Amino acid sequence: RFYEKVQALHQDPKASVDNPLLAFSLIKRLHSDWPNIVYSDEAAENTQALHAGFKEVEQELPGTEDLDGAARALMRLQDVYALSVKGMANGVFQRAGASRPPLYSPGRRVSLSADDCFHVGKVAYDTGDYYHSIAWLEEAVSLFRLSYGSWNPEDRSSLEDALDHLAFSYFMAGNISHALSLSREFLHYDPSNGRVARNVAKYEKLLEMGTVGLAGGCHGPPPHHCCPSHVLFGPLFSQPATELHPHLSCSYETNGNPYLLLQPAKKEMVWIQPYVALYHDFISDAEAETIKGLAGPWLQRSVVASGEKQQKAEYRISKSAWLKDTADPVVRALEQRIAAITGLDLRPPYAEYLQVVNYGLGGHYEPHFDHATVRELLGWAPGSVLGFQTQCWCSSLCFWGCQTLGLSALQNAALFWWNLRRNGDGDGDTLHAGCPVLAGDKWVANKWIHEHGQEFRRPCSTDPQD
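For the protein chain, an unreviewed UniProt entry supplies the name procollagen-proline 4-dioxygenase and the organism Uria aalge. The UniProt entry for the protein chain carries this comment under Sequence similarities (unreviewed entry): "Belongs to the P4HA family."

In structure tokens:
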């Protein structure tokens, strides 16, 4: 039964991870559903062979961190794109309460099981995020009710589990009457559970006393402190159209460099302040594939600066690797191209190695600044003067999650802006974000060039405020 289920879900292996629901269910099956099958009573006849086979691959399978991270990714997509949880459970990426077409229509629609929805809700529940736990556990309860009496050996949860967690979530959110109703339903299925019986008595007493809710709960929909993603990314989707400006134009750019004479760069000015230029067709498909292949084996969870140290953070979910220009002629050619159009010195220590970043299921980078000045880091390193991004999105399904400075993704294009003003101060107008990837994945290559070493290439102004 389990094999037939997996086979049906993965008829097209290449498309397996384009759909975030498929990606989540794949991780969940490999982490928890499959072990449940291996160690189930029904597997008794093949116990030794199944256990031995499972042990061989166990270290390569997703872990708890992977599964919980995938659950948080679905909640992030729910928040940022205002998706309906019921719709997501049914395989539809539809905005809650909207009649417009879905944001994303996968080639093959996949639904989540009651146990899948329970796990997402449980991840939220365990962190005290009752806004999300209520939404996902409600869906889990609804699905468990429909299938009550039938048993799936891969499931780790049940209707009783979902009712128990949902009741407490409602209690913590201040809805005591609904918590009472759900707890009574629980006792209908398991009348001997003393703990839930005590909860029923407690809720009844609170209602008799006229208690309506608890302080500090999550009482309403976003934006609020329980789901900050909507607040952080929301403005990116409501930016006004750029006003017509005489200096916003397209041109073939040589920058006075012989390297670009025969093949000028296709430059599009998209912003004046801050200065933002977009270079179309900056990298070829073959070059992008080469860079992906070089970086792939070295990808590690991306970190952020924390004082003098670096650490993982929930506000940046991606993997990254660093490539020297000696790694391959393609990397060297890309660096020469960057140097030509910027006119800056990329030799060490004036620039960092090429950073290759991959954003997968719900991968994102919350609004942030790229610059880090000497004054801010107390002498740690020269400040970054710009962020030059050769953005090579290699999945055509990566959309609604590929925005930087309000720009949607353009495959194989490059984006350039100055992070620091001429006087060395950080430019506060360069706040930007990488929105969560709704479908497919996203590849970006960044080239960070330091302020130190560029004094004669980008000299300071006579105006100290410039």
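**Let's talk about the overall build of the protein chain**
Regarding its fold elements, the protein chain presents 14 helices and 14 strands. By residue count, 48% of the 466 residues in the protein chain fall in the buried class. The long-range share in the protein chain, meaning contacts at least 24 apart out of those at least 6 apart in sequence, stands at 69%. For the protein chain, the computed accessible surface area is about 23,600 Å², with 53% contributed by carbon and sulfur atoms.

**With respect to the nonpolar core**
Within the largest apolar cluster, 52 residues are counted, with the highest numbers of intra-cluster contacts made by Phe24, Leu74, Tyr81, Leu83, Trp136 and Leu438. By residue number, the principal contributor to this core is helix H8 (residues 159–173), which donates 8 residues. Here this core spans two domains, since at least three of its residues come from each of domain 1 (1–209) and domain 2 (249–450). Judged by nonpolar contacts, the second largest core, of 30 residues, contains Ala265, Ala321, Phe416 and Ile449.

**Let's talk about helix H9 (residues 176–189)**
Taking 1.5 Å per residue as the helical rise, H9 with its 14 residues ought to reach 20 Å, and the 20 Å between its terminal C-alpha atoms agrees with that figure. Along H9, the residues classified as buried are Ile176, Ala179, Leu180, Leu182, Ser183, Phe186 and Leu187. Looking at the packing, one finds that the buried side of H9 touches helix H7 (130–146), H8 and helix H10 (194–208).

**Some remarks on H7**
For H7, built from 17 residues, the straight-helix expectation of 24 Å at 1.5 Å per residue is met to within 8% by its first-to-last C-alpha distance of 24 Å. Of the residues making up H7, those classed as buried are Tyr130, Tyr131, His132, Ser133, Ile134, Trp136, Leu137, Glu139, Ala140, Val141 and Phe144. The secondary structure elements touched by the buried residues of H7 are helix H4 (64–80), helix H5 (85–89), helix H6 (114–126) and H8.

**Focus on the packing of aromatic side chains**
Geometrically, a pair of aromatic rings is defined through the distance of the ring centres and the angle of the planes. Taken as a whole and assessed by the stated rule, the structure comprises 11 aromatic pairs. Three or more aromatic residues joined by ring pairs make a cluster, and in this case those are Tyr125, Tyr130, Phe168, Phe171 and Tyr203. We note arginine 337 situated over the ring of phenylalanine 282; from NZ or CZ to the ring centre the distance is 5.8 Å. Across the ring face of tyrosine 359, the terminal group of lysine 442 is positioned such that the distance to the ring centre comes to 4.4 Å.

**Some thoughts on the side chain of serine 318**
When you line up the elements, serine 318 lands in the loop between strand E7 (316–317) and strand E8 (319–323). A residue is classified by how much of its surface remains accessible, and serine 318, at 5% relative accessible area, is buried. Discounting residues that sit within four places of it in the chain, serine 318 has contacts with Gln300, Arg301, Ser302, Val357, Asn358 and Tyr359.

**What to know about the pattern of salt bridges**
Going through the model one piece at a time under the given rule, you end up with 15 salt bridges. Between arginine 347 and aspartate 345 there is a salt bridge, with the nearest N and O atoms lying 2.8 Å from each other. Look at arginine 347 and you get exposed, because its relative accessible area is 54%. What makes aspartate 345 buried here is its relative accessible area of 6%. A single network of salt bridges, built from pairs that share partners, joins Lys28, Asp33, Asp115 and Asp116.

Calculation criteria
- Residues numbered from 1 in each chain as written.
- Predicted model: local features only at pLDDT ≥ 70, side-chain atom pairs only at ≥ 80, totals over all residues.
- Heavy atoms only, no water.
- UniProt positions renumbered as here; feature names shortened; annotations may be inferred.
- Helix = DSSP H or I, 4+ residues; strand = E, 2+ residues; numbered from the N terminus.
- Buried < 20%, exposed > 50% of the residue type's maximum accessible area, 1.4 Å probe, protein only.
- Contact = heavy atoms within 4.5 Å.
- Areas by Shrake-Rupley, 256 points an atom, 1.4 Å probe, with all protein chains shown as cover.
- Core = buried A, V, L, I, M, F, W, Y, C linked by side-chain atoms within 4.5 Å.
- Domains from an automatic or database assignment.
- Expected span 1.5 Å × (residues − 1).
- Phe/Tyr/Trp six-rings, centres within 6.5 Å; stacked < 30°, edge-to-face > 60°.
- Lys NZ or Arg CZ within 6 Å of the ring centre and 35° of its normal.
- Salt bridge = Lys/Arg side-chain N within 4 Å of Asp/Glu carboxyl O.

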